[in-house]
Amino acid sequence: RALAFATESHRGQVRDVSGVPYVFHTVDVAKRLGDAGVLDEEVIAAALLHDIVEDTSVTVAELADHFGDRVAGFVDEMTFDEAQLSKGEYLAAFATKSAGALAIKITDRSANVADYERESPDYAPKYAAKAHALYSAVLAREAELGAAFGEHVAARLVAEATRLQAFAGAPR
């Protein structure tokens, strides 16, 4: 249901970096969560929908009507509003957002970095470097991620944050 909704809502949108249909990105994020061992269906649904409020006319209230408050809440936490925060402040805020939103965000960043590695390799480390606050949040909240999803999932998410942090180099 979330995949169909995301596909319809993102219809006609393409990724700037690769030119593929936008929904491919949301599927990639959901797959990365599954590969890490996240089995919570509402977190996976929110991953499929994570950019929908930011990039379409769909509202958080509409998501709540269709998918429930928990899914809508995760998407709301994922939504970047440049009128309220800088991108750096937005990423730093994941230090206190829900474990579900944090798991989605680290896999979202991982998917974005992978796209840049393929399509714009010189820019990929620079893009990765913009998220040191996010990587720090994942590392600092390993126990909370473990409580939410299991220790093996937390370890995979921490490993990915560590890999991205090393790829990005020292904080700038």
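For the structure, check the block above.
Quantities reported herein were computed from a predicted structural model and do not represent experimental measurements. (Residues numbered from 1 in each chain as written. Predicted model: local features only at pLDDT ≥ 70, side-chain atom pairs only at ≥ 80, totals over all residues. Heavy atoms only, no water.)

Caption draft 1: Fine view of the overall build of the protein. A count of helices and strands for the protein gives 12 helices and zero strands. Ordered by position from N to C terminus, the α and β elements of the protein give α-α-α-α-α-α-α-α-α-α-α-α. Computed over the C-alpha atoms, the radius of gyration of the protein is 15 Å, within 12% of the 16 Å expected from 2.2 N^0.38 for a compact globule of 172 residues. Counting only C-alpha atoms, the protein reaches 40 × 35 × 30 Å along its principal axes. In the protein, of all internal contacts separated by at least 6 residues, the share reaching a separation of at least 24 is 64%. Mean positive and mean negative side-chain charge positions of the protein (17 and 27 charges, respectively) differ by 6 Å. (Helix = DSSP H or I, 4+ residues; strand = E, 2+ residues; numbered from the N terminus. Rg over C-alpha atoms; globule rule 2.2 N^0.38 Å. Contact = heavy atoms within 4.5 Å. Lys, Arg positive; Asp, Glu negative; His and termini not counted. Charge placed at Lys NZ, Arg CZ, Asp CG, Glu CD.)

Caption draft 2: Focus on the packing of helix H2 (residues 23-36) against helix H8 (residues 99-119). The geometry of H2 relative to H8 is characterised by a closest axis approach of 9 Å and an angle of 120° between their N-to-C directions. In terms of orientation, H2 and H8 fall into the oblique class. In terms of crossing hand, the pair formed by H2 and H8 is right-handed. Along its contact with H2, which presents His25, Asp28, Val29, Arg32 and Leu33, the element H8 presents Ala103, Ile104, Thr107, Asp108, Ser110, Ala111, Asn112 and Ala114. When its residues are assigned to classes, the contact of H2 with H8 shows six nonpolar, four polar and three charged. (Axes fitted to C-alpha atoms, helices over the stretch in contact; angles between N-to-C directions. Parallel < 35°, antiparallel > 145°, perpendicular 65-115°, else oblique. Left-handed = near helix turned anticlockwise from the far one by under 90°. Nonpolar A, V, L, I, M, F, W, Y, C, P; charged D, E, K, R; others polar.)

Caption draft 3: Fine view of helix H11 (residues 142-149). All of the buried residues in H11 are Leu145, Gly146 and Phe149. Across the axial projection of H11, the buried residues extend over an arc of 105°, all falling on one side. The outward face of H11, more than 90 degrees from its buried face, is lined by the exposed residues Ala143 and Ala147. Buried residues along H11 sit in contact with helix H3 (41-49), H8, helix H10 (132-140) and helix H12 (151-168). Once H11 finishes, glycine 150 follows within two positions and takes phi at roughly 105°, a positive value. (Buried < 20%, exposed > 50% of the residue type's maximum accessible area, 1.4 Å probe, protein only. Arc of directions from axis to C-beta.)

Caption draft 4: Examining the environment of arginine 109 more closely. Here arginine 109 lies in helix H8. Through-space distance from the C-alpha of arginine 109 to that of alanine 131 is 8.1 Å; in sequence the pair is 22 residues apart. Look past the residues within four positions of arginine 109 in its chain and what remains in contact with it is Leu91, Tyr127, Lys130, Ala131, Leu134, Tyr135 and Leu164. For arginine 109, the side chain forms a polar contact with the main-chain oxygen of tyrosine 127, separated by 3.0 Å. (Polar contact = N/O pair within 3.5 Å; in protein donor to acceptor, adjacent residues only side chain to side chain.)

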